[in-house]
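Each chain, written out:
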Amino acid sequence: MVSVEDYGEFETEWCPGCGNFMILKAVKRALAELGKSPDEVLLTSGIGQSSKLPHYLKCNVFNGLHGRSLPPAIGAKLANHELTVLAVTGDGDCYGEGGNHFLHNVRRNPNITLIVHDNQIYGLTKGQASPTSELGMKTKVQTHGVFNTPLNPLSLAISLDCSFVSRGFAGDVAHLTELIKKAIQHKGFSLVDVLQPCISFNKLNTFSWYSERVYKMEEGDHDPNDRVKAFEKSLEWGEKIPLGIFYVNEKPTFEDHLDVLKSGTLVRNKSDPQKVDELLDRFI
Amino acid sequence: MSTDLVIKVGGAAGQGLQTIGVALAKTFKKSGFNVFATQFYLSRVRGGHNTFQLRVSDEPIRAMPEKVDILIALDEESIEEQIEEMFDGVIIFDNDVIKINNNNDNNNGIFFHVPMLKIAKDVCGNKIYSNSVASGAALGVMCFEFDYLAKVLAEVFKKKGDEIVDNNIKAARAGYDYAKKNFSSGCKFTVSEPTDKDGRMLIAGNDAVGLGALAAGVQFLAAYPMTPSTGVMTYVAANADDFNVVVEQAEDEIAALNMVLGASFAGARAMTTTSGGGFCLMSEALGLSGITETPAVIFLSQRPGPATGLPTMTEQGDLQFVLTAAQGEFPRCVLAPGTPDDCFYMTAEAFNIADKYQIPVFIMSDQYLADSLFTCQRFDPSKVKVARYLMSDEELADTDEYKRYELTPTGISLRAIPGQAGKVVVADSDEHNEYGHIDQTIENRILMNEKRMKKLDLLREDMEPPHQYGPKDARITLVGWGSTYGPLMEVVNILISEGHSVNHLHFTHVFPLPLEATKNILGNSETIVCVENNATGQFAKLLESETGLHVSENVLRSDGKPYSPESIIRSMREKGVI
């Protein structure tokens, strides 16, 4: 039996009251409830307040560069596909600096779970606009207010036929835990975009701002297998903001296409230099 | 009499000059000759002016001289561009296709019209076989044994079926017969076939690197295609299924090296392949390899920069960049093969160094080495040792607390991988403590920085001393690194035959430099001349700063072309070195 305690308790560098704490709680609970032990889990992250999360629980960690949580995640997953791999990132990290990796890993569909702490602001660098910041939001850099169209991560993912697209809210740990569990259990690339208030720098999208707007999509109301409906739902933003699983599309994972992984993990394969001998004949 | 003949095929991209060139190269290799072939091509799929040049000799060769004996001209431009290089040679061309303006009487003797198109149509009913006619004609003017070419064509076209094979051989035979009968200086280029027909290989540098990686047990390769490195990626991909390798074409070079680091962190032997421009994007992840102490092998095939530069040409212009790329300081290793043998054995060595020291290791090649074909002895895979330097499950199970960055006297910490023996492994791009968690205290920073840098001292001891060629105590020492090995060896041979006192010191282990050995060998040299394919003498600077020795003269070339022995000697004369 794995318990939440197995994942340890660590001192953090987050602001008191930060939404990150709830996400951390949900991640730990989800892993424990799924019976994943710390040694079989790998968390990769980039840079940002979100990306410090892997340091605050006990498991394998690769905390890399800004925007680059996904490339090491897929490299590690291919090297050892028995690991449960989660990439933990933020809206700046994932949709800004790492936008290209986001697009192409949705296309690859590795069996990896991507958790995005989406607080619609840059926290670590103290309050500049992020790709998901609201139009008109004024910052010290965006002095005339944001005029670049905000990126809609859910619509983007659905348009790319991402195999699992969901949204959670840091203010609802129980619901978020379930979402993360489903995302981990889903075979394929799964996105969990988490609405997360930044109490220090985002004075617009606060706990109460989100709480007044978010609602959970009931299973009967929304069919996650319907891509067009999922796309419509993903466009809903403003007075009402839906939470839950928007889109599920079961399809072969990146690993499924690789026959070399069928006989076991790459890391456990033994190599034999003599094997190249047969190739040398072709140059004679 | 010893044979030393240069054959050049010139034409537009898409005309099939490479097929002709490779067929001839294989033919001469089969008959026991040493063959060396280089390509000059432009960055386009069709058109332009490209050449495939091969040198045939019964002596070992690794460089291309500037004179051409036989030119197969597939277009007019080939004649215009190459006629200056002809010295008592012959230009084989099809007067029905190419019109020549031959106003110069001196040139009369050198043109030899072979109706390639007509012969192809007459014999096979299709003009596409005219290239085989050309191959045959080249052998015809040499009165060379035809059977070798027939065997090579049978191998080359085997996959396309018997009819295609037969037609190519028929066309080649017709070209051969035509040339033998009609070439006015009949058998002028006759070569005597070597008796020693051992099982040597004909191989390009890129293929040799790919073979070395497979021999070393590469398990993961992520790369973004970029000339002239792509051949390695392609070679490994072609054999990936048989060797249990995952090859992934990354969305960009940033992803490529980051993927490699993730795979390596998880325990796979991993490499990336790129050229200077791609490596620019990787320099961020290079630092990540440095601070996380994650092994990575980076194959970097140089081409002239900056930016897109000359995409299909050669240069050794990236050394200083590779030595200092990424912010901060951390150990790295730079290897620079000079021959296909080096490419094979040193690629395998690169993986062992990366794993032992947990650092990034570069294999620096260039377009010249990557794309040229060389004859060499068959590689011996039994000489390749795979050393992973990983903790066993038992060792790890006996460890109370696993510390990824444990402080040790050498700076090397024991390496475990995720998912092993119930332990966890933590790596971090921030400065971190022994467990891998963020630690920004000054005390920790000093310890960790020292730990990483300390590895360089031990690594330096593993670096092989430079290879000396020629008399030990020569007055002039020509210093080179990487792909200039072949041309410089020939320069030494030529200059010694002219009575000069000269030798060559060649570096394959470029960084960290094997200091003691280098100082011992070079300490007594009267004149050190560094020869490099770049504009600023990048290796010379490294040599001077590391050893304190003085480089007397730099011989440099950065026009995109490789060194010919003649060009080096010319430059030495201009500089008054000889």
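Keep in mind that what you see is a predicted model, and the values were worked out from it rather than measured. (Residues numbered from 1 in each chain as written. Chains lettered and ligands numbered in written order. Predicted model: local features only at pLDDT ≥ 70, side-chain atom pairs only at ≥ 80, totals over all residues. Heavy atoms only, no water.)

Undergrad: Residues and numbers for the interface of chain B and chain A, please.
TA: Taken together, the contact between chain B and chain A spans 68 residues of the former and 51 residues of the latter. Considering only the surface of chain B that becomes buried against chain A, Val246, Glu251 and Arg378 of chain B emerge as the three largest contributors, covering 13% of it. Between the two partners, chain B and chain A, sit 6 salt bridges. For arginine 108 of chain A, the salt bridge goes to glutamate 251 of chain B, with nearest N and O atoms at 2.6 Å. If you look at where chain B meets chain A, you find 20 residue pairs in polar contact (both at pLDDT 80 or more). Elements that contribute at least two residues to the side of chain B that touches chain A include exactly strand 7 (201–204), helix 7 (205–215), helix 9 (240–243), strand 9 (246–249), helix 10 (253–265), helix 11 (276–292) and strand 15 (426–428) of chain B. By residue number, the principal contributor to the side of chain B that touches chain A is helix 10 of chain B, which donates 8 residues. A per-class count over the side of chain B that touches chain A returns 36 nonpolar, 18 polar and 14 charged. (Contact = heavy atoms within 4.5 Å. Buried area = accessible area lost by both parts, 1.4 Å probe. Salt bridge = Lys/Arg side-chain N within 4 Å of Asp/Glu carboxyl O. Polar contact = N/O pair within 3.5 Å; in protein donor to acceptor, adjacent residues only side chain to side chain. Helix = DSSP H or I, 4+ residues; strand = E, 2+ residues; numbered from the N terminus. Nonpolar A, V, L, I, M, F, W, Y, C, P; charged D, E, K, R; others polar.)

Undergrad: Tell me about helix 8 (residues 230–238) of chain B, and please be specific about residues and values.
TA: Among the residues making up helix 8 of chain B, those that are buried are Val232, Met233, Tyr235 and Val236 of chain B. Projected down its long axis, helix 8 of chain B shows its buried positions confined to an angular sector of 165 degrees, all on one face. (Buried < 20%, exposed > 50% of the residue type's maximum accessible area, 1.4 Å probe, protein only. Arc of directions from axis to C-beta.)

Undergrad: A description of the layout of surface pockets should follow, citing residues and the corresponding values.
TA: Taken as a whole, the largest pocket encloses approximately 1,200 Å³ of empty space. Taken together, 31 residues line the largest pocket, and the ones lying closest to its centre are Arg282 and Phe283 of chain A together with Val22, Lys26 and Asp207 of chain B. Elements represented by at least two residues in the lining of the largest pocket include exactly helix 1 (17–30), helix 5 (147–156), strand 7, helix 7, helix 8 and helix 14 (367–371) of chain B. Among the elements that take part in the lining of the largest pocket, helix 1 of chain B stands out by supplying 5 residues, more than any other. The residue makeup of the lining of the largest pocket, split by class, is 15 nonpolar, 6 polar and 10 charged. (1 Å grid on protein atoms, 1.4 Å probe; cavity = no way out; pocket = protein on both sides within 12 Å on 5 of 7 lines; lining within 4 Å. Points joined across faces, edges and corners; volume = space filled by probe spheres on them.)

Undergrad: Kindly report on the sheet that holds strand 1 (residues 4–13) of chain B, identifying the contributing residues and their values.
TA: Residue and element names in this part refer to chain B. The mixed open sheet is built from 8 strands, whose spatial order is 6-5-4-1-3-2-14-7. Because the sheet does not close on itself, it has two edges, and the strands there are strand 6 (111–113) and strand 7. Adjacent strand axes in the sheet meet at a mean angle of 20 degrees when their direction is disregarded. With 7 bridges joining them, strand 2 (residues 34–40) and strand 3 (residues 47–57) adopt antiparallel strand pairing. (Pairing = 2+ DSSP bridges. Axes fitted to C-alpha atoms, helices over the stretch in contact; angles between N-to-C directions.)

Undergrad: For unusual backbone geometry, give the residues involved together with the corresponding values.
TA: Residues and elements named next belong to chain B. Of note, the amide linkage connecting threonine 227 to proline 228 takes the cis form, showing an omega dihedral of 0 degrees. Following the sequence through the fold, proline 228 ends up in the loop between strand 8 (220–223) and helix 8. For the peptide bond that leads from glycine 305 to proline 306, omega is -5 degrees, which places it in the cis range. Along the polypeptide, proline 306 turns up in the loop between strand 11 (296–302) and helix 12 (319–324). Its identity as a non-glycine residue notwithstanding, cysteine 143 has a phi of 50 degrees, on the positive side. Looking at where cysteine 143 falls in the secondary structure, it is placed in the loop between helix 4 (130–141) and helix 5. Among the residues examined, cysteine 143 registers a relative accessible area of 18% and is labelled buried.

Undergrad: Describe the packing of aromatic side chains, and please don't skip the residues or the numbers.
TA: Throughout the structure, instances matching the rule amount to 27 aromatic pairs over all chains. Taken together, a centroid distance of 5.3 Å and an interplanar angle of 90 degrees make the contact between tryptophan 14 of chain A and phenylalanine 21 of chain A edge-to-face. Judged by its relative accessible area of 7%, tryptophan 14 of chain A is buried. Of the residues examined, phenylalanine 21 of chain A reaches a relative accessible area of 30% and is grouped as partly exposed. Ring centres of tryptophan 481 of chain B and phenylalanine 539 of chain B lie 6.4 Å apart, and the angle between their planes is 25 degrees; this geometry places the pair in the stacked category. One end of the pair, tryptophan 481 of chain B, is in strand 17 (residues 476–481); the other, phenylalanine 539 of chain B, is in helix 19 (residues 538–547), and 58 residues separate them in sequence. The pair formed by tryptophan 481 of chain B and phenylalanine 539 of chain B is uniform in burial state, with each residue classed as buried. An aromatic cluster of at least three residues, connected via ring pairs, comprises Phe169, Phe207, Trp209, Tyr210 and Trp237 of chain A. (Phe/Tyr/Trp six-rings, centres within 6.5 Å; stacked < 30°, edge-to-face > 60°.)

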